[in-house]
There are 2 protein chains.
Amino acid sequence: MLQAAMQIPPETFLIDRAVAQPLQLQLRRQIVLAVHEGRLRPGERMPSSRALAAHLGVGRITVTQAYGDLVATDYLIARGRSGYFISDRIEDLGPGPATLQEAPRFDWSSRLDGRNLAARRKDRPTDWRNYPYRFLYGQTDDRLIDHAAWRECAVRALGRRDLGALSDDQYDGDDPELVDFIIRHLLPRRGIKARAQEILLTLGAQNALWLISEILLDRGAACAIEEPGYPGLHEILTTLRANVVPVALDSDGLPPASIPDDISVVFTSPSHQCPTNRTMPRERREDLLRLAAEREIVIVEDDYEFEISFAGSTSPALKAMDRSGAVIHIGSFSKSVFPGLRLGYIVADPTFIAEARARRGMMLRHPPGHVQRTMAYFLSLGHYDRQLKRMREAFAERHKVTSLALMRHDMNRGATGKAGGSSFWLATPHGVDSDLLARELRPQGVLIEPGRPFFRAPEAGSGFFRLAYSSIAASDIDEGVRRIAELGRMLAGRD
Amino acid sequence: MLQAAMQIPPETFLIDRAVAQPLQLQLRRQIVLAVHEGRLRPGERMPSSRALAAHLGVGRITVTQAYGDLVATDYLIARGRSGYFISDRIEDLGPGPATLQEAPRFDWSSRLDGRNLAARRKDRPTDWRNYPYRFLYGQTDDRLIDHAAWRECAVRALGRRDLGALSDDQYDGDDPELVDFIIRHLLPRRGIKARAQEILLTLGAQNALWLISEILLDRGAACAIEEPGYPGLHEILTTLRANVVPVALDSDGLPPASIPDDISVVFTSPSHQCPTNRTMPRERREDLLRLAAEREIVIVEDDYEFEISFAGSTSPALKAMDRSGAVIHIGSFSKSVFPGLRLGYIVADPTFIAEARARRGMMLRHPPGHVQRTMAYFLSLGHYDRQLKRMREAFAERHKVTSLALMRHDMNRGATGKAGGSSFWLATPHGVDSDLLARELRPQGVLIEPGRPFFRAPEAGSGFFRLAYSSIAASDIDEGVRRIAELGRMLAGRD
């Protein structure tokens, strides 16, 4: 649709004078090949012979001859004054010209160890929107996004006054207006007091975790992670070949006592643990900070989903209690605005931020200026708070509906998710394998997230799955849960 | 200005029930501290006592008492029905309350080796726009950007139909419409035929170089780079502690014969070398590809600035001649649209692209959906070509004006830059040190880029500098060059 009645620009064509082949022939071959390979499509209009000749620096006659030939061979259609168009009868043209003999291919396998591919999750179909019962985490629910407001902010951020912010290469700088709002309006909600030199914007929480891991685990330092924990972090640590010690959670989250010595970095999501949604009690946070101080451990706090907690008032972030500067705090707008936004931030000691800023500068310079400025408006005009309110209300309702459905269909054993958020962490019905369950549910239009990717020792996840309600309508939840329960019974019976 | 008559949202405040301190006192202290630290600013309006009480889950009386107290102590002003506002007489309040005793700071220096900071360039002031004679490379010239067109495309990309592209987390996917345009309309200009599985979008060329370097140099592989070459690449290779062999250029660019054995990756910018603007002749490209085939070398082609070459028709990219798949091609929209856009792409063998895509997914997921879709419109509606035309014309003129100025002021010795682009690479007048020259020029409102960052062996750059005209008006060029020449004479005389 983007390409309706496409006018092909002259720049699309290139002739190479170094090639010993008549220019007219070169041009003709180029067009024929492009048509067969679908790079030029039926109905598209060719440049005028004058324009193309000028661009290629050839006589106009060269182009008109080539065009004439292509009309004769049915590749082009001449429409009098309106010019030449790609034929819509390509299929009648038979097979394309044999392309050049392929040279021996370069042996890439010897250069790539597949490590990146190996770390990758493949846990959801790209057409997930077509599944009626999509218990998928972290995707968008169009019904909850204030699209008009975002649009208004984006347009405003395109105004003259913001042109610099939009178009300049900021090197390693961030949008001061966005940083200011994070400091003044977001961090206080988490009890965090920070100055500009303690903030770095990132392309979402994933990018923040990557930056932090690369910097801190660079020299083989050992890190502890929560088991189960965030799969995106597993991916990163696997790829970086990090020395990882998984620490099993108890009902209060990560137990500091179980953190072995010689650990130099601890990754945790205390406010709202991923995937169990547990909240770490204050006493334990204090123990964790004390331990960090004693052993000089860096604590990376993924302040996951705090914004959409709806179960009572939120507790302050771990970073709010950190007086030594050992805590690196990660926040994100991806969940609370929308994931495609790719915008998050790190709050940490200025020394670390300076290092991370320099590295981000080499890695990607900075998040696109327009996205930063648009977010600044979205915050400053109050849209962010209104959207959060809407999300909290919707998620609170879905949480209630899901709890009821889980009870009704006898699936609530070991359910955790009371702290709000947008998902439940569940034991599979009758302990059936979660991969099997997920696979067999797809044909029934149900998507769930099997437990293995959440565990460093995957088998430990075979009896669990995540049931998220961030992108499913409340009205579809009960039927979805019923199908899960029923298939669970069925599969259990099978054994 | 964003914050005119700011209404402070209730969510800005957080009280901690675990702290043994009356809620009313906690709230009051929080406001006082925020005022002194500038997080709450004069004239801003406090939440209504009802809204704040509801948010904090405290009695309304608690809030009204706190507000009353703060009015009495001049932190707040009551304006009858319109509510409570932050006092505009903060300075009269005297010093803020002594903040808590700081805990011993965490020792970050022991964790960070400063490597990232070390690699960083500090070669331009952030207020570069205020310098009348800014011979700076790669910044935006607002006069050349079709801002209205970009705005139109961005608005269109915010339309209902594009909501998914805008808001979804695409995991490791790219915008199919943008990829389609790159394949059909950009790559053919470079003589490159590619399929979707051979394309990966990145956050600009810098991000592409980072991704490629991390993947290919991961296991200590040695790489060859052009000397002089692109400073951004130096930064990356230094940070990654890569094994780097600089290869001195001759008048035709990188001489394949000088590439030592045991090199597994060669970085080059054949179409338009950075910083010398030289173009590698076809014969040499063939030699380079032959060498790559023999020794199984990966060639990374930075197809730098081809779009804005105005000196005759462009020669095809090295990738266009690559039949074995050993060439990784990097393109960018940052120079041709604007740098703040942060959008570029890699064209390479599907095996490599799959690996790079997985890694990009872990590093940052994907470039923001809205930016991708906006670019797709900018291309498909022909704005891109119109903007390039405008840029080429402007740069051609500035190039002419600069050449004349260089001759007039006797500064054209060893000047290279005939292939177009947006800069000249020059020997400093009378061989004065380029760092000294650049430093002393700043007070005169002139910005140039000294040569050292372009060399792996920095001292080799002391006699060179880059004179870019991408962000300076033609009318300012002669006077700028005159000042450089004059200061050069002056400094030379000094010795």
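Residues numbered from 1 in each chain as written. Chains lettered and ligands numbered in written order. Predicted model: local features only at pLDDT ≥ 70, side-chain atom pairs only at ≥ 80, totals over all residues. Heavy atoms only, no water.

For clarity, the threshold we go by: UniProt positions are given in the numbering used here, feature names are shortened, and annotations may be inferred rather than shown by experiment.
Chain A is annotated in an unreviewed UniProt entry as PLP-dependent aminotransferase family protein from Paracoccus aurantius. Word for word, the UniProt comment on chain A under Sequence similarities (unreviewed entry) is "In the C-terminal section; belongs to the class-I pyridoxal-phosphate-dependent aminotransferase family."

### Describing the pairing of strand β14 (residues 464-468) of chain A
All names here are of chain A. We count it as follows: Burial classes: relative accessible area under 20% of the type maximum marks a residue as buried, over 50% as exposed, and values in between as partly exposed (1.4 Å probe, protein chains only). The helix and strand labels rest on DSSP assignments: H or I over at least four residues marks a helix, E over at least two residues marks a strand, and numbering proceeds from the N terminus. Any two strands with at least two DSSP-identified bridges between them are counted as paired.
Most of β14 sits inside the fold, with 4 of its 5 residues counted as buried. Two strands pair when backbone bridges link them, and strand β11 (residues 423-427) and β14 are joined in this way by 5 bridges, in the antiparallel orientation. Note on β14: the bridge partner recorded for L426 is F465. Sheet topology note: the strand β13 (residues 449-450)/β14 ladder contains 2 bridges and is antiparallel. Counterpart to P450 in the pairing with β14 is F465.

### Focus on the packing of aromatic side chains
Just so we agree on the cut-off: Here is the rule: rings of Phe, Tyr and Trp (six-membered ring for Trp) pair when centre to centre is within 6.5 Å. Planes less than 30 degrees apart are stacked, more than 60 are edge-to-face, and the remainder are tilted. Only lysine NZ and arginine CZ atoms are considered, and such an atom sits over a ring when it is within 6 Å of the ring centre and within 35 degrees of the ring normal.
On inspection of all chains with the given rule, the structure shows 24 aromatic pairs over all chains. With centroids separated by 5.6 Å and ring planes inclined at 5°, the aromatic side chains of W425 of chain B and F464 of chain B adopt a geometry described as stacked. Taken together, the residues span a long stretch of sequence, with W425 of chain B in strand β11 (residues 423-427) and F464 of chain B in strand β14 (residues 464-468) at a distance of 39 residues. Classification of W425 of chain B as buried rests on a relative accessible area of 4%. Grouped by ring-pair contacts, the aromatic residues W425, F454, F455 and F464 of chain A constitute a single cluster. When the ring centre of F85 of chain A is taken as reference, the NZ or CZ atom of R79 of chain A above it lies at 4.6 Å.

### So, the sheet that holds strand β4 (residues 199-202) of chain A
The pairing of strands in a sheet happens through backbone hydrogen bonds and is either parallel or antiparallel. Residues and elements named next belong to chain A. Quick note on the threshold: Angles here are taken between N-to-C directions and fall from 0 to 180 degrees, while the axes themselves are lines fitted to C-alpha atoms, restricted in helices to the stretch in contact.
Across the sheet, 7 strands lie side by side as β4-β10-β9-β8-β7-β5-β6; this open sheet has mixed pairing. The sheet is open, and its two edges are formed by β4 and β6 (243-248), each paired on a single side. Neighbouring strand axes in the sheet, compared pairwise and without regard to direction, differ in orientation by 20° on average. Note that strand β7 (residues 265-268) and strand β8 (residues 298-302) share 4 bridges and pair parallel. From the neighbouring strand, V265 faces β8, where its bridge partner is V298.

### Thoughts on the pairing of strand β7 (residues 265-268) of chain B
All names here are of chain B. Stated precisely, the cut-off is as follows: Crossover handedness is defined here as right-handed if the route from the first strand over the helix to the second strand goes clockwise, with the strands pointing away from the viewer.
Along β7, one buried face is formed by V265 and F267 and the opposite face, lined by V266 and T268, is buried too. Pairing analysis gives 2 bridges linking strand β5 (residues 222-227) to β7, with the strands arranged parallel. Following the sheet pairing, A224 is matched in β7 by V266. Of the crossover connections in this fold, the one passing from β7 over helix α10 (residues 282-295) to the parallel strand β8 (residues 298-302) is right-handed.

### Here we look at the domain arrangement of chain A
Quoted interface sizes are often the accessible area lost when the parts come together. Residue and element names in this part refer to chain A. Which entries qualify depends on this criterion: Where each domain starts and ends follows an automatic or database-derived domain assignment. Pairs of residues are marked as contacts when any of their non-hydrogen atoms sit within 4.5 Å. Throughout, buried area stands for the accessible area (probe radius 1.4 Å) lost by two parts on being put together, summed over both. Salt bridge, as used here, is a side-chain nitrogen of Lys or Arg placed within 4 Å of a carboxyl oxygen of Asp or Glu. Contacts described as polar in this section are N or O atom pairs within 3.5 Å, which, within protein, must combine one atom able to donate a hydrogen with one able to accept it, while residues neighboring in sequence count only if both atoms come from side chains. For this scheme, ten residues count as nonpolar: Ala, Val, Leu, Ile, Met, Phe, Trp, Tyr, Cys and Pro. Four count as charged, namely Asp, Glu, Lys and Arg, and the remainder, Gly too, count as polar.
Partitioning chain A into domains gives domain 1 (10-92), domain 2 (130-143 + 386-491) and domain 3 (146-384). Placing the centre of domain 2 and that of domain 3 at their C-alpha centroids yields a distance of 26 Å. Between domain 2 and domain 3, the residue contacts involve 30 residues of the former and 36 residues of the latter. Together domain 2 and domain 3 conceal approximately 2,700 Å² of surface at their shared face, both sides included; 54% is due to carbon and sulfur atoms. Per-residue buried area on domain 2 facing domain 3 is highest for R386, L388 and R456; these three make up 26% of the total on that side. The interface formed by domain 2 and domain 3 contains 0 salt bridges. On the surface where domain 2 and domain 3 come into contact, there are 15 residue pairs in polar contact (both at pLDDT 80 or more). Within the residue set of the side of domain 2 that touches domain 3, elements represented by two or more residues are α14 (383-408) and β11. Examining the composition of the side of domain 2 that touches domain 3, we find that 9 residues originate from one element, α14, more than from any other. Per-class residue counts for the side of domain 2 that touches domain 3 are 13 nonpolar, 11 polar and 6 charged.

### A word on the interface of chain B and chain A
Contacts between the two partners involve 129 residues from chain B and, on the opposite side, 130 residues from chain A. Of the roughly 11,700 Å² buried between chain B and chain A on both sides combined, carbon and sulfur atoms contribute 55%. At the junction of chain B with chain A, the criterion picks out 12 salt bridges. The interface formed by chain B and chain A holds 42 residue pairs in polar contact (both at pLDDT 80 or more) in total. Every element with two or more residues in the side of chain B that touches chain A is listed here: α4 (115-119), α5 (147-156), α6 (163-167), α7 (176-186), α8 (204-216), α9 (231-239), α12 (350-364) and α13 (369-380) of chain B. The element contributing the most residues to the side of chain B that touches chain A is α12 of chain B, with 10 residues. A class-by-class count of the residues in the side of chain B that touches chain A yields 55 nonpolar, 30 polar and 44 charged.

### Some remarks on the relation of the copies chain B and chain A
Applied cut-off: Least-squares fitting of one copy onto the other uses the C-alpha atoms of those residues that reach a pLDDT of at least 70 in both copies.
At an RMSD of 0.0 Å, chain B and chain A line up after a rotation of 180° and a shift of 0.0 Å along the axis. The operation mapping one copy onto its partner corresponds to a two-fold rotation axis. For chain B, the residue whose C-alpha comes nearest the rotation axis is V155 of chain B, separated from it by 3.3 Å. In this assembly, 100% of the residues forming the interface of chain B have copies in chain A that are likewise at the interface, indicating an isologous arrangement.

### Details of the packing of helix α1 (residues 23-36) of chain B against helix α3 (residues 60-72) of chain B
Residue and element names in this part refer to chain B. Threshold: Oblique is the label for every angle not falling under 35 degrees (roughly parallel), over 145 degrees (roughly antiparallel), or within 65 to 115 degrees (roughly perpendicular). Each helix crossing is assigned a hand: it is left-handed if the near helix lies turned anticlockwise from the far helix by less than a right angle, otherwise right-handed if that turn is clockwise.
Contact geometry of α1 with α3 gives a least axis separation of 9 Å together with a crossing angle of 45°. In terms of axis orientation, α1 runs oblique to α3. α1 and α3 meet at a crossing whose hand is right-handed. Facing α1, whose interface residues are L23, Q24, L27, R28, I31 and V32, α3 presents T62, V63, Q65, A66, Y67, D69 and L70. Partitioning the contact of α1 with α3 into residue classes produces 8 nonpolar, 3 polar and 2 charged.

### Things to note about the environment of A18 of chain A
Position of A18 of chain A among the secondary structure elements: in the segment before α1 (23-36). Owing to a relative accessible area of 49%, A18 of chain A belongs among the partly exposed residues under this scheme.

### Focus on the packing of α5 of chain B against α13 of chain B
All names here are of chain B. Running from N to C, α5 and α13 point in directions that differ by 125°, and their axes come no closer than 8 Å. Overall, the two elements α5 and α13 adopt an arrangement that is oblique. For the crossing formed where α5 meets α13, the hand is right-handed. From α5, A149, W150, C153, A154 and R156 reach across to α13, where they touch H370, T374, M375, Y377 and F378. Its residues assigned to classes, the contact of α5 with α13 shows 7 nonpolar, 2 polar and 1 charged.

### Some points on the pattern of salt bridges
Inspection of every chain in the model, using the stated rule, returns 66 salt bridges over all chains. Measuring nitrogen to oxygen at the nearest pair gives 2.2 Å for the salt bridge that ties E44 of chain B to R184 of chain A. Remark: R184 of chain A occurs in helix α7 (residues 176-186) and E44 of chain B occurs in the loop between α1 and α2 (49-56); the pair is interchain, linking two chains. No difference in accessibility class separates E44 of chain B from R184 of chain A, as the two residues are buried. As a salt-bridge pair, E449 of chain A and R466 of chain A come within 3.1 Å of each other at their nearest N and O atoms. Of this pair, E449 of chain A sits in strand β13 while R466 of chain A sits in strand β14; the two residues are 17 residues apart in sequence, bridging distant segments of the chain. For the residue pair E449 of chain A and R466 of chain A, the accessibility class agrees, reading buried in each case. Overlapping salt bridges bring together R41 and E44 of chain A together with D180 and R184 of chain B as one network.

### Some thoughts on the sheet that holds β11 of chain A
Residue and element names in this part refer to chain A. Strand order in the open sheet formed by 3 strands is β11-β14-β13, with antiparallel pairing between adjacent strands. Across the chains shown, the open sheet's two edge strands, defined by having one partner strand only, are β11 and β13. Sitting on the sheet, α14 is in contact with β11 and β14, with an inclination near 15° to β11.

### Here we look at the UniProt feature "domain: HTH gntR-type" (unreviewed entry) in chain A
In the numbering adopted here, UniProt assigns the feature "domain: HTH gntR-type" (unreviewed entry) to residues 21-89 of chain A. Structurally, residues 21-89 of chain A is divided into 51% helix and 9% strand, and its ends, taken at the C-alpha atoms, are 28 Å apart.

### Description of the nonpolar core
Our working definition: What is meant by a nonpolar core is a set of buried Ala, Val, Leu, Ile, Met, Phe, Trp, Tyr and Cys residues, joined one to another through side-chain atoms within 4.5 Å.
Counting residues in each nonpolar core, the largest one holds 75 residues, and the members touching the most others are L216, F267 and F352 of chain A together with L216, F267, I328 and F352 of chain B. The next biggest cluster of nonpolar side chains, apart from the first, holds 70 residues, and it includes A157, M375 and Y377 of chain A together with W150 of chain B.

### Overview of unusual backbone geometry
Residue P228 of chain A is bonded to the preceding E227 of chain A through a cis peptide linkage, with omega at 0°. Relative to the helices and strands, P228 of chain A resides in the loop between β5 (222-227) and α9 (231-239). Note the cis peptide between C274 of chain A and P275 of chain A, where omega equals 5°. Structurally, P275 of chain A is set in the loop between β7 and α10 (282-295). Backbone geometry at R342 of chain B places phi at a positive 55°, although glycine is not the residue there. When you line up the elements, R342 of chain B lands in the loop between β9 (327-332) and β10 (344-347).

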